Amino acid sequence: MTHVEDELTSQPECWTRAAAEAAGHARVLPERGERVAIVGCGTSYFMAQAAAALREGAGQGETDAFAASEFPHGRAYDRVVVLTRSGTTTEVLDLLGRLRGRTRTTAITADPDTPVRAAADDLAVLAYADERSVVQTRFATTALTLLRAHLGLHPHAAVTDARTALAEPLPEGLVDCGQFTFLGRGWTVGLANEAGLKMREAALAWAEAYPAMEYRHGPISVSTTGTATWMLGDAPDGLAEQVRDTGALWIAGDLDPLAELVRAQRLAVAVAASRGLDPDRPRHLTRSVILAP
């Protein structure tokens, strides 16, 4: 078993713990009514997109998501939350340095014994969700679960659905597809983006992601026999039929959307195995992007 397989199968337990500990982290997480930005890089950026949409959609305050390198420094926030598994990513540390003394910052991290401890005002540590694989799975989903629980939006069914996602076989023929498209709506757009990234990182697969209603505006033209379109969350009316009419394989997201992401992680590992790839060590990638001065 690869590290990433071992790590992704532990997600139900990690989510249960994060949800139980959310109240203990409340002091360092955004309060209702605060204007908040959530930032990250790579996978953490896509989790930031999901968390921001959830928070603002729940009426808890204006919430934006940015890649750390694209943060708009001319915009005022009450708090900036950074997601960083390693605590060493250059863009994240640079951003925290620029915000020091101007905006309250919270880092959600797996490793507090890194420069992020001194760079952020507050820390929420999820050490039990740290990973050996370069490819992120459980830290990202556990951080999002912490934020869902903090918002009062973590359903108990998510953990049950994650166990289902790990136990049930993948849909027949899915691993053999040559192109994968992931779709989301609202907060699940970030999850769709992350599912596409997992396929590209672990399996070197052609994968894309879009807001579901945008799929008809051009991207559906790539759908054909041998491709797959996977919906995370509820699909727009008629879209499944349109995709099936192209000859593509339609995958409905019947589980909690975060559990659907677990299924997509499993797909990435399965496709990597079918292509003789090591999903723990994707080419050109490292655990953390640390840029030389």
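Up top is the structure these notes are about.
Treat the numbers as computed from the prediction; the structure is a model and nothing was measured. (Residues numbered from 1 in each chain as written. Predicted model: local features only at pLDDT ≥ 70, side-chain atom pairs only at ≥ 80, totals over all residues. Heavy atoms only, no water.)

Enquirer: Lay out empty space enclosed by the protein in plain terms, naming residues and giving numbers.
Expert: In the structure shown here, the tally under the stated rule is 2 cavities of 30 Å³ or more. When its volume is computed, the largest cavity comes out at roughly 60 Å³. Forming the walls of the largest cavity are Pro30, Ile38, Ala51, Arg55, Val81, Leu147, His150 and Leu151. Those elements that provide at least two residues to the lining of the largest cavity are α3 (43–57) and α6 (138–150). (1 Å grid on protein atoms, 1.4 Å probe; cavity = no way out; pocket = protein on both sides within 12 Å on 5 of 7 lines; lining within 4 Å. Points joined across faces, edges and corners; volume = space filled by probe spheres on them. Helix = DSSP H or I, 4+ residues; strand = E, 2+ residues; numbered from the N terminus.)

Enquirer: Could you give an account of α6, naming the residues involved and the relevant values?
Expert: For α6, spanning 13 residues, the distance from its first C-alpha to its last is 18 Å, which sits close to the expected 18 Å at 1.5 Å a residue. Most of α6 is tucked away: 12 of the 13 residues are buried. The complete set of buried residues in α6 reads Arg138, Phe139, Ala140, Thr141, Thr142, Ala143, Leu144, Thr145, Leu146, Leu147, Arg148 and Ala149. Positive backbone phi, at 75 degrees, marks Gly152, one or two positions downstream of α6. (Expected span 1.5 Å × (residues − 1). Buried < 20%, exposed > 50% of the residue type's maximum accessible area, 1.4 Å probe, protein only.)

Enquirer: Tell me about the packing of aromatic side chains, and please be specific about residues and values.
Expert: Any two aromatic rings considered together are summarised by their centre-to-centre distance and by the angle between their planes. Applying the stated criterion to the full structure yields 6 aromatic pairs. When the ring of Phe66 is compared with that of Tyr77, the centres are 6.5 Å apart and the planes differ by 70 degrees; the resulting orientation is edge-to-face. Placement of the pair is Phe66 in strand β2 (residues 63–67) and Tyr77 in the loop between β2 and β3 (79–84), with a sequence separation of 11 residues. Among the residues examined, Phe66 registers a relative accessible area of 14% and is labelled buried. Ring pairs connect the aromatic residues Phe66, Phe71 and Tyr77, which therefore count as one cluster. Over the ring of Tyr77 we find Arg35, and its NZ or CZ is 4.9 Å from the ring centre. (Phe/Tyr/Trp six-rings, centres within 6.5 Å; stacked < 30°, edge-to-face > 60°. Lys NZ or Arg CZ within 6 Å of the ring centre and 35° of its normal.)

Enquirer: Run through the sheet that holds strand β7 (residues 206–211), naming residues and quoting values.
Expert: Pairing is parallel in the open sheet, where 4 strands are placed in the order β7-β6-β8-β9. Of all the strands in the sheet, the pair left with one neighbour each is β7 and β9 (249–251). The average undirected angle you get between the axes of adjacent strands in this sheet is 20 degrees. Where strand β6 (residues 179–184) meets strand β8 (residues 227–231), 5 bridges bridge the pair, whose relative direction is parallel. Bridged to Thr181 within β8 is Thr229. (Pairing = 2+ DSSP bridges. Axes fitted to C-alpha atoms, helices over the stretch in contact; angles between N-to-C directions.)

Enquirer: With reference to specific residues and values, describe the pattern of salt bridges.
Expert: Tallied over the full model, the rule gives 15 salt bridges. Its salt-bridge partner being Glu21, residue Arg17 comes within 2.9 Å of it at the nearest N-O pair. Residue Arg17 and its partner Glu21 are both found in helix α2 (residues 11–25); the two are separated by 4 residues, about one turn of the helix. Judged by its relative accessible area of 42%, Arg17 falls in the partly exposed class. A salt bridge links Glu62 to Arg35, with the shortest nitrogen-to-oxygen separation between them at 2.7 Å. Here Glu62 is found in the loop between α3 and β2, whereas its partner Arg35 is found in the loop between α2 and β1 (36–40), with 27 residues between them in sequence. When its relative accessible area of 46% is taken as the criterion, Glu62 is described as partly exposed. With relative accessibility at 27%, the residue Arg35 sits in the partly exposed group. (Salt bridge = Lys/Arg side-chain N within 4 Å of Asp/Glu carboxyl O.)

Enquirer: Please give an account of the sheet that holds strand β4 (residues 104–109) that cites residues and values.
Expert: With parallel pairing, the 5 strands of this open sheet are ordered in space as β2-β1-β3-β4-β5. The strands lining the two open edges of the sheet, one partner per strand, are β2 and β5 (122–125). On average, each strand axis in the sheet is inclined to that of its neighbour by 20 degrees, with strand direction left out of account. Bridge analysis of β1 against β2 gives 5 bridges, and the strand direction is parallel.

Function-wise, these values are silent; they only describe arrangement.
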